[in-house]
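Residue-level listing of the chains:
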Amino acid sequence: MTETASTTGRTHLPRPIPPDVVAVLRTRDDAGRRTVAFVDREGGAPLRCCLRRSEPGETIALVSYAPLRRWAALHGAEPGAYDEQGPVFVHGRDCPGPAGGELPFTGAHRTVRRYSAAGHILGGELVADGDIGRAFRDAFDDPDVALVHVRAVEYGCFLYEVRRDSAGTPQCFDTP
């Protein structure tokens, strides 16, 4: 089954960690540690560079990432105490990026955290599998929400974000 977060023919666009940021993280992570890549023998690690699970035998790295800090630096925001960093998997070498069209890492409960343009948390919601489209719609119905982070419930790790564009519209793509 293909799952998307659709609201009237529009699907919210999950954003991976940008390639230029992944390139930096492959050397030194946001905690200042040197990155060490390894061969993933089992596969299944949620890769934030291409928003898919790793395949057995791929070279990956586990790095510390501060998504709100990086977003805030681009937008002149000061997240203060809301600046968190945590573990994420990325490819250890170049990555082609997301293949497109589907929401990643479905099949489990998720937390959707809402953030303001100042980088402050506005709330969060525990979302059952299949309800994430409603959670995005509810979040972006609030004009004060600039972006949302989707996180894994079981570990609390950042999975991906959805943003508003520069005109204040949630970033979406058309669904057939």
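Since the model is a prediction, treat every value here as computed from it, not as a measurement.

Calculation notes
Residues numbered from 1 in each chain as written. Predicted model: local features only at pLDDT ≥ 70, side-chain atom pairs only at ≥ 80, totals over all residues. Heavy atoms only, no water. Buried < 20%, exposed > 50% of the residue type's maximum accessible area, 1.4 Å probe, protein only. Helix = DSSP H or I, 4+ residues; strand = E, 2+ residues; numbered from the N terminus. Pairing = 2+ DSSP bridges. Salt bridge = Lys/Arg side-chain N within 4 Å of Asp/Glu carboxyl O. 1 Å grid on protein atoms, 1.4 Å probe; cavity = no way out; pocket = protein on both sides within 12 Å on 5 of 7 lines; lining within 4 Å. Points joined across faces, edges and corners; volume = space filled by probe spheres on them. Polar contact = N/O pair within 3.5 Å; in protein donor to acceptor, adjacent residues only side chain to side chain. Contact = heavy atoms within 4.5 Å.

Draft legend 1. Summary view of the pairing of strand S10 (residues 147-152). Most of S10 sits out of view: six of its six residues are buried. Across the two faces of S10 the burial is the same, with Leu147, His149 and Arg151 and Val148, Val150 and Ala152 all buried. Bridge count between strand S8 (residues 110-115) and S10: six bridges; the pairing is antiparallel. Paired with Val112 across the bridge in S10 is Val150. When S10 meets strand S11 (residues 158-163), the two strands line up antiparallel, connected through five bridges. Bridge pairing links Leu147 to Arg163 in S11. Where S10 folds back on S11, the antiparallel hairpin that results is connected by five residues, among which Gly156 adopts a positive phi of roughly 80°.

Draft legend 2. How the structure looks around the pattern of salt bridges. Taken as a whole and judged by the stated rule, the model has 13 salt bridges. Between Asp29 and Arg33 there is a salt bridge, with the nearest N and O atoms lying 3.9 Å from each other. For Asp29, a relative accessible area of 9% puts it in the buried group. Between Arg52 and Glu58 there is a salt bridge, with its nearest N and O atoms 2.6 Å apart. What you see here is one network of salt bridges that share partners, running through Arg114, Glu125, Arg134 and Asp138.

Draft legend 3. How the structure looks around the layout of surface pockets. Considering only enclosed or pocket space, the second largest pocket measures out at about 220 Å³ in volume. No other element matches the three residues that strand S7 (residues 86-91) contributes to the lining of the second largest pocket.

Draft legend 4. How the structure looks around the environment of Leu159. Summarising the element assignment, Leu159 is placed in strand S11. Residue class for Leu159 comes out buried when judged on its relative accessible area of 3%. Placed 145 residues apart in sequence, Leu159 and Pro14 show a C-alpha to C-alpha distance of 9.2 Å.

Draft legend 5. Examining the side chain of Glu125 more closely. Relative to the helices and strands, Glu125 is located in strand S9 (residues 121-127). In this structure Glu125 comes out as buried when scored by relative accessible area, which is 19%. Only 2.7 Å separates the side chain of Glu125 from the side chain of Arg134, close enough to count as a polar contact. Apart from residues no more than four positions distant in its own chain, Glu125 is found in contact with Arg110, Thr111, Val112, Arg114, Arg134 and Ala135.

Coordinates in, geometry out; function isn't part of it.
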